[in-house]
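Structural characterization, general
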Amino acid sequence: MKTFKALILFITAIHFCYAQEKSEGLPKLSTVEKVYGLSKIWSEVRYNFVGIEDLPFDLDSLYSKTIEDVINAEDVFQYYNVLSRFCAQMNDGHTYITYPSHIRKTKLTYPPLRTDFVEEKVVITKVYNDSLRKIGITEGLEVLEINGIDVMMYGKKKIEPYASASTKQGLIERIYHFNLLKGDIDEVIELTFRDIKGNTFRHKISRRLPEKKPQKKAVEFHLINDDIGLLTVNKFSSDDFWHKFDSIYSDILETDALIIDVRSNLGGNSQQGYYILRHLTTSSIQTTKWITRESTSIYNVYGLNSFWQMKSPDIIPPIDNKQLYDKPIAVLINANTLSAAEDFCAVFDYMDRGILIGSKTGGTTGQPMFIELPGGGKAKICIRKDMYPDGTEYVGKGVIPDIEIQKTIESVLNKEDLVLKKAASILVSETIE
């Protein structure tokens, strides 16, 4: 009955007048378009979302309530905010909205700063403009207020309702690292800071300030001492990933121990991570196992909305015709380790090939379904849930490190990487033994 009422609202909505106007530089969508976009998302969530049974609310009721909100959205930006809030309530980091590109470039821009949640405080961790340094804005400053609002309240009220995450640690990253300072490119944002001595001060910062952010390669390698190599994998989504890894593999073989850093790896193609693992063992590797929903008309009639299909792990062999790397390994992880990078960590952990050091991963992986939306954006709906080869779950939990280490305000001030330092000390002791 709830679904029927929602559809009646939809049918009523399509009789509203169609208008494609512009206001203050932002296009408006017709009522038909707005309800149609929401309905596409609702329908795919209802029949294909892998987390449907964990929702603590009635999906059709949420859809019905959200119809009025999308109808009342004045422009594309407000419309996509409503859709983001709808998806965020699925509590899944792979179910979210991608805003149209023109919105991202004008309404969701950063000042040349980044923040993190460190020791229960919001702290500046990166400064990408020298003019800010000249006025005393540096790494390690605590952020107390944004535009006169307490920073924790600001994050709770203005960011969290639109943040899609599967875990507490993932949500914290979405709020206080990825999205906290985003906003209108023409808005001057006022930040209140406190330094290590307890002094407070304010500065107004333009989001139009140029950002000198170093470009990261998909795969980087260098020695951190004469014996230990550091392989930093920033993403598993590079078209020439295999070639890049092959080009540095001979250097990796020269080391006595290896650190693999995936702390900023948001994922991509799991096969790229498995390609690395195939160089690290003489045994066959079991990849993740996963489940997805099957929906058929007869099951829906019987009220069986979730008939599950499980896929067993693939078995992949060690790499052929190459020397294999059989020395000590540590993998560095944190809440920014997501998706295919988490698959990499779960399989590495199951292989018992080395140690995981850092903090819990974001706990979100799987295969999203891509949905084109009115206005040029997209929705992504997660349709697959991955697990360890033995069925141990890490979606909604995160891959757990063997040794947990968190950054501190002091380490940010001193630009000291405590996780990397700990990994190096452990591997040095192992190579000596």
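Every chain is numbered independently, its residues counted from 1 as its sequence is written. Side-chain atom pairs in this predicted model are given and counted only at pLDDT of 80 or more, local residue features only at pLDDT of at least 70, and totals for whole chains, interfaces and linings cover all residues. Water and hydrogen atoms play no part in the side-chain values, which are based on all heavy atoms of the structure.

Any two strands with at least two DSSP-identified bridges between them are counted as paired. Put simply, DSSP H or I for four residues or longer makes a helix, DSSP E for two residues or longer makes a strand, and each gets a number counted from the N terminus. Read from one edge to the other, the open sheet built from 6 strands follows the order β10-β11-β12-β17-β18-β22, with strand pairing classed as mixed. The sheet is open, and its two edges are formed by β10 (219–223) and β22 (403–404), each paired on a single side. For β10 and strand β11 (residues 228–233), the ladder comprises 5 bridges, and the chain directions are antiparallel. Following the sheet pairing, Glu220 is matched in β11 by Thr232. The contact rule is simple, with two residues in contact once any of their heavy atoms fall within 4.5 Å. Every axis in this analysis is a line fitted to C-alpha atoms, fitted for helices over the stretch in contact. Angles between the N-to-C directions lie between 0 and 180 degrees. Running at roughly 145° to strand β17 (residues 329–333), helix α12 (residues 340–351) makes contact with β12 (257–261), β17 and β18 (355–358) of the sheet.

If charged atoms from side chains of opposite charge come close, those side chains can pair. The term salt bridge refers to a side-chain nitrogen of Lys or Arg lying within 4 Å of a carboxyl oxygen of Asp or Glu. According to the stated counting rule, one finds 20 salt bridges in the structure shown. With a closest N to O distance of 3.3 Å, Arg85 and Asp69 form a salt bridge. Highlighted residues: Arg85 in helix α4 (residues 76–88) and Asp69 in helix α3 (residues 59–72), separated in sequence by 16 residues. The class of Arg85 is partly exposed, set by a relative accessible area of 26%. In this structure Asp69 comes out as partly exposed when scored by relative accessible area, which is 32%. As a salt-bridge pair, Lys322 and Asp246 come within 2.7 Å of each other at their nearest N and O atoms. Of the two residues, Lys322 is situated in the loop between β16 (315–316) and β17 and Asp246 in helix α9 (residues 241–253); the sequence distance between them amounts to 76 residues. Relative accessibility thresholds used throughout: buried, under 20% of the residue-type maximum; exposed, over 50%; partly exposed, between the two (1.4 Å probe, protein chains only).

Turning to unusual backbone geometry, a few remarks are in order. For Asn147, which is not a glycine, the phi torsion comes out positive at approximately 50°. Looking at the secondary structure, you find Asn147 in the loop between β6 (142–146) and β7 (149–150). The class of Asn147 is partly exposed, set by a relative accessible area of 29%. Despite not being glycine, Asp352 has its phi angle at roughly 55°, a positive value. Mapped onto the secondary structure, Asp352 falls in the loop between α12 and β18. Exposure remark for Asp352: the relative accessible area of 66% places this residue in the exposed category.

Attention shifts here to the nonpolar core. Among buried residues, those of type Ala, Val, Leu, Ile, Met, Phe, Trp, Tyr and Cys that are joined through side-chain atoms within 4.5 Å constitute a nonpolar core. Counting residues in hydrophobic clusters, the biggest one holds 38 residues, and the most contacted among them are Leu231, Ile252, Ile260, Ile276, Val331 and Phe344. Elements represented by at least two residues in this core include exactly β10, β11, α9, β12, α10 (270–277), β17 and α12. Residues within four places of Ile252 in sequence aside, it is in contact with Phe221, Leu231, Phe245, Leu258 and Tyr325. In terms of nonpolar packing, the next biggest core, distinct from the first, is built from 34 residues, Leu29, Leu38, Ile67 and Ala73 among them.

Next up on the list: the sheet that holds strand β19 (residues 368–372). Judged by pairing direction, the sheet is antiparallel, and its 3 strands sit side by side in the order β3-β20-β19 without closing on themselves. In this open sheet, the two strands that pair with only one neighbour each are β3 (96–98) and β19. If you compare each strand with its neighbour and ignore which way they point, the axes differ by 25° on average. Two elements, β19 and strand β20 (residues 378–382), share 5 bridges in a ladder whose sense is antiparallel. For Phe370, the partnering residue across the bridge sits in β20 and is Lys380. The strands touched by helix α2 (residues 31–48) within the sheet are β3, β19 and β20, with β19 carrying the most contacts at an inclination of about 160°.

Turning our attention to α10. Most of α10 is tucked away: 7 of the 8 residues are buried. Looking only at α10, the buried set comprises Ser270, Gln272, Gly273, Tyr274, Tyr275, Ile276 and Leu277. Structurally, α10 contributes buried residues whose contacts are with β11, α9, β12, β13 (285–286), β16 and α12. N or O atoms closer than or at 3.5 Å make up a polar contact, with two conditions inside protein: a donor-capable atom paired with an acceptor-capable one, and, for residues adjacent in sequence, both atoms drawn from side chains. By the N-cap criterion, in which a side-chain oxygen at the helix start approaches the backbone nitrogen of a residue two or three places on, α10 is capped by Asn269, the distance to Gln271 being 2.9 Å.

Moving on: the pairing of β20. A large share of β20 lies buried, amounting to 4 of its 5 residues. Looking at chain direction, β3 and β20 are connected through 3 bridges and run antiparallel. Bridging across to β20, Tyr96 finds its partner in Lys380.

Further remarks concern the environment of Gly391. For Gly391, the location among the structural elements is in the loop between β21 (385–387) and β22. Residue Gly391 is classed as partly exposed on the basis of its relative accessible area, which comes to 25%. The sequence separation of Gly391 and Trp290 amounts to 101 residues, and the corresponding C-alpha distance is 8.4 Å.

It is worth spelling out the packing of aromatic side chains at this point. Aromatic rings from Phe, Tyr and Trp, with only the six-membered ring used for Trp, were paired whenever their centres fell within 6.5 Å, and each pair was classed as stacked if the ring planes differed by under 30 degrees, edge-to-face if by over 60, and tilted otherwise. The tally for this structure, following the rule as stated, stands at 13 aromatic pairs. The interplanar angle of 10° and the centroid separation of 4.2 Å between the aromatic rings of Trp42 and Tyr63 together place this pair among those described as stacked. Taken together, the residues span a long stretch of sequence, with Trp42 in helix α2 and Tyr63 in helix α3 at a distance of 21 residues. Judged by its relative accessible area of 0%, Tyr63 falls in the buried class. The interplanar angle of 90° and the centroid separation of 6.3 Å between the aromatic rings of Phe241 and Trp242 together place this pair among those described as edge-to-face. Through a chain of ring-to-ring contacts, the aromatic side chains of Phe236, Phe241, Trp242, Phe344 and Phe348 assemble into a single cluster. Distance and angle both matter: a charge sits over a ring if NZ of Lys or CZ of Arg is within 6 Å of the ring centre and within 35 degrees of the ring normal. The ring centre of Tyr110 lies 3.8 Å from the NZ or CZ of Arg114, which sits over that ring. Lying across the ring of Phe178, Arg174 places its NZ or CZ 4.5 Å from the centre.

Before going further, it helps to examine the packing of α9 against α10. For the pair α9 and α10, interaxial distance at closest approach is 10 Å and the crossing angle is 20°. With respect to α10, the element α9 is oriented roughly parallel. Every pair of crossing elements has a handedness; the one defined by α9 and α10 is right-handed. Here α9 contributes Phe241, Trp242, Phe245 and Asp246 to the contact with α10, which in turn contributes Gln271, Gln272, Tyr275 and Ile276. In the scheme used here, Gly and all other residues not listed as nonpolar or charged are polar, with Ala, Val, Leu, Ile, Met, Phe, Trp, Tyr, Cys and Pro taken as nonpolar and Asp, Glu, Lys and Arg as charged. Of the residues assigned to the contact of α9 with α10, the class counts are 5 nonpolar, 2 polar and 1 charged. Any angle from 65 to 115 degrees is called roughly perpendicular, while one under 35 is roughly parallel, one over 145 is roughly antiparallel, and all others are oblique. Left-handed is the label given to a crossing in which the near helix is rotated counterclockwise from the far helix by less than a right angle, and right-handed is the label when the rotation is clockwise.

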